[in-house]
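Tertiary structure, described
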Amino acid sequence: MVRYLVGIITIFLWSYTFASTINQTWDLPWITLITRAEWWADERSRLRSHAIFQGIIRAYEERERQHALLRQTNFDAWLQEEQKRHEARKREDDRNAWLLQSFSEKFSINNRINNIFWEPLRWPQTYHFNKTEIIIHHTAWEVPTDQSITDEIAEIQRIYRFHTHSRARWDIGYNFIIGPSGRIYEGRAWGPGVIWAHAQYNNTTSIGISLMGNFEVQSVPQAQYDALVQLTTALARYYNINPNDQTTYFKAINNAPFIQQNRHFRIAWHRDAWWTSCPGKFLYEKLPTLRSQVLANLAGLGEPSWSTHPLQWTINPLTLSLKQKRELLQKTVRHVTQQQPLTPSTAQIQRNSTAPLITSLPDLIKKPVSVLLLEASTSLNNTRNISCSSCTLTINQSTLPAPRSFTIRYNPQRQRFLISQWSRQREISSLTITTNTQKERIIISNYGRTSFQWIPRHSFWGSMTFTIGQLPSNQPSGQQPLVINTLDLDRYLLGIVEANDQHGFEYNKIMAILARSYMLYYLDDRNRHPSIPANAPYNAIDDPDYFQKFVWAGVVDTLKLRPRAVADTQYTIMHINNRIVLFPYFSCTPWFTLPASFKWWWTDAPYLKMVLDPAPCNEFVWHGVWLSWQGARALLRMGVNYRDVLRYFYHGVQFTTTNLAMSQ
């Protein structure tokens, strides 16, 4: 008996230590949480060594054994079942690939934990720190409205066993569970930022709250509803979620791309995001009231503050005092210098000494943009099918009408292009295809690139040149095939995809201004991107690893805000002291941007300073010197003007609106 009691106490102490050591805790104002330790969560169930996981493995192995046995005894039935399994897996793979490609920000992973105390987890624990939705559920089990805390804890444990045992998950799916008494219980472990399992295809950026009860058949107790309002208000303030904003939710369907998109408020019920009746009709009807009450509560709290990860500060970077900024920047510098040793002083660089003046704009905008199509160049050993309804073909300086369709291929042994036209094949050193009208496009019909709406991205404006030359740095050296798309500046900007329609019109305008400034700098003959070899016949690259993300003419068939943003900012030029300097952009940071003088040793870019990132992620994505894409959108959501967003990230920036129409 004594040994039994000692064992029970040991397990309790181990579980408590385990939970308190690894769990990140919520720190929500006005909210009192009943923690996992207080409702006796079995923290060891997350580990692969736990009996639950071993039982799952045995069940899976038994299913596979039965499947293999079916193949031996009834091949036709096995084949039919295998086909169904394959089709289901293929749909799921296509669904996930489409979501990740089309909404990379929404489905990105900021951090991943595979082990605890050197023991592997049943399932890797993943994080996405920028939560943008709150989805509300019911547990769908009827419970009495007059439950004691003992009864509610028993109910929590029953829910926990259902999720971990019956559904074979490693933990409970919800972040929070609210009892009929109004008590709020901590759900899934590891607190803010953790990705949970409560609304399929909508889990990454959402928070899940579940109310005990079946509100399809019973009404919502007032204390429970009041706690829901209080918790939702605290979470909306914590993550800066505007209840009036709408976002995109995803539901599975059986037709390609196997996902249906629908718009709804950022505070939503489960049925708004999935095929379900959850959270029941008696709770579902309360959404307008809930949103209005949360809005009223937020208005009474004044300006929200930002919660930043991983330091968990609640600060507003725009209103910090000089002393606070100095202290934070000192901490930041210490952190950065520990991670990246300083480069010797001989590495100082001046990148903006040749920045063009505003007065040179009329000449710059007339210059064509020549974009190296990197993937098209490196895959030219395959035959490409070219079509154009009315184009001109220039071969070895001879100009003639182009056929409506022809093929082209590169012969690496002879370093020549093989063009098949008019039923015969010719070997040539270079050719250029030029569209005869502004609306016309050149199509590479077998290029195989599609947008997230399954619209092909294989069309090009202007002209396309096939020639021989040097690829950018980090690519094979020597003479290589080059495919270059040449077009005017505004058409080039229409094909720049550093933002999509989900990011909003104001953010698209920010990206249009930055992309224009970036390209104007490199249109000056004195400037050449470090990745582009000397004397190369191109001044831009379509790969974002080198230059800007240029996705050709087909992007306008998919994105509707991009053309509007380019047109709206056409005559807005961003500059520093009348010079169009380099404005790097598009990143994610831990919670601060790096100064160019520290990262790249630029001595002539004081406008690229270290600033606090209003919406950080877990690490530097790309180089970290610039406008942070997450931080910019966070500022826009708070109502900051898009020009003020640019002024925040680029110190001392100025805007000039000039009518250049006469010079075009």
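The text that follows walks through the structure, step by step, so that each part is easy to find.

**Thoughts on the overall build of the chain**
- Looking only at helices and strands, one finds 17 helices and 29 strands in the chain.
- Counting contacts in the chain only where the partners sit at least 6 residues apart, residues at least 24 apart contribute 70% of the total.
- A total of about 30600 Å² of accessible surface is found on the chain, and carbon and sulfur atoms cover 51% of it.

**Concerning the sheet that holds strand β1 (residues 33–34)**
- Sheet architecture is open: six strands sit in the order β1-β6-β5-β7-β4-β10, paired in mixed fashion. Whereas interior strands pair on both sides, the edge strands pair on one side only; in this sheet they are β1 and β10 (267–269).
- As defined by bridge partners, strand β5 (residues 176–178) adjoins strand β7 (residues 206–211) across three bridges and the pair is classed as parallel. Residue pairing in the sheet places I177 in a bridge with S210 of β7.
- Here helix α5 (residues 222–239) sits on the sheet in contact with β4 (133–138), β5, β6 (184–186), β7 and β10, set at roughly 170° to β7.

**A closer look at empty space enclosed by the protein**
- Scanning the entire structure with this criterion turns up two cavities of 30 Å³ or more.
- For the second largest cavity, the calculated volume is near 30 Å³.
- Every residue along the wall of the second largest cavity is listed here: K131, T132, Y239, N240, I241, N242, R266 and R637.
- Taken together, the residues that form the lining of the second largest cavity break down as two nonpolar, three polar and three charged.

**Concerning the packing of helix α13 (residues 505–523) against helix α17 (residues 642–649)**
- Contact geometry of α13 with α17 gives a least axis separation of 9 Å together with a crossing angle of 55°. On the basis of their axis angle, the class for α13 and α17 is oblique. Helix-helix and strand crossings are classified by hand; for α13 and α17 the assignment is right-handed. Residues E506, K509, I510, I513 and L514 of α13 form the contact with α17, whose own contacting residues are Y642, V645 and L646.
- Residue composition of the contact of α13 with α17, grouped by class: six nonpolar, no polar and two charged.

**Thoughts on helix α16 (residues 629–637)**
- The buried fraction of α16 is high, at eight of nine residues.
- When we look at burial in α16, the residues that qualify are W629, Q630, G631, A632, R633, A634, L635 and L636.
- Backbone geometry just after α16 places G639 at a positive phi near 95°.

**Structural notes on the packing of aromatic side chains**
- Tallied over the full model, the rule gives 15 aromatic pairs.
- Ring centres 5.8 Å apart and planes at 45° place the aromatic pair Y201 and W274 in the tilted group. Separated by 73 residues along the polypeptide, Y201 in the loop between β6 and β7 and W274 in the loop between α6 (270–273) and α7 (281–284) bring together distant segments of the chain. Assigned by exposure class, Y201 and W274 land together as buried.
- With a centroid separation of 5.4 Å and an interplanar angle of 55°, the aromatic rings of Y522 and F547 are classed as tilted. Here F547 lies in the loop between β25 (540–541) and α14 (561–568) and Y522 lies in helix α13, a separation of 25 residues in the sequence. Considered together, Y522 and F547 belong to a single accessibility category, that of buried residues.
- By the ring-pair criterion, three or more aromatic residues cluster together here, those being Y518, Y521, Y522 and F547.
- Taking NZ or CZ as reference, R271 lies 4.0 Å from the ring centre of Y284, over its face.
- Stacked on the ring of Y507, the Lys or Arg R633 has its end atom at 5.1 Å from the ring centre.

Rules of the game
- Residues numbered from 1 in each chain as written.
- Predicted model: local features only at pLDDT ≥ 70, side-chain atom pairs only at ≥ 80, totals over all residues.
- Heavy atoms only, no water.
- Helix = DSSP H or I, 4+ residues; strand = E, 2+ residues; numbered from the N terminus.
- Contact = heavy atoms within 4.5 Å.
- Areas by Shrake-Rupley, 256 points an atom, 1.4 Å probe, with all protein chains shown as cover.
- Pairing = 2+ DSSP bridges.
- Axes fitted to C-alpha atoms, helices over the stretch in contact; angles between N-to-C directions.
- 1 Å grid on protein atoms, 1.4 Å probe; cavity = no way out; pocket = protein on both sides within 12 Å on 5 of 7 lines; lining within 4 Å.
- Points joined across faces, edges and corners; volume = space filled by probe spheres on them.
- Nonpolar A, V, L, I, M, F, W, Y, C, P; charged D, E, K, R; others polar.
- Parallel < 35°, antiparallel > 145°, perpendicular 65-115°, else oblique.
- Left-handed = near helix turned anticlockwise from the far one by under 90°.
- Buried < 20%, exposed > 50% of the residue type's maximum accessible area, 1.4 Å probe, protein only.
- Phe/Tyr/Trp six-rings, centres within 6.5 Å; stacked < 30°, edge-to-face > 60°.
- Lys NZ or Arg CZ within 6 Å of the ring centre and 35° of its normal.

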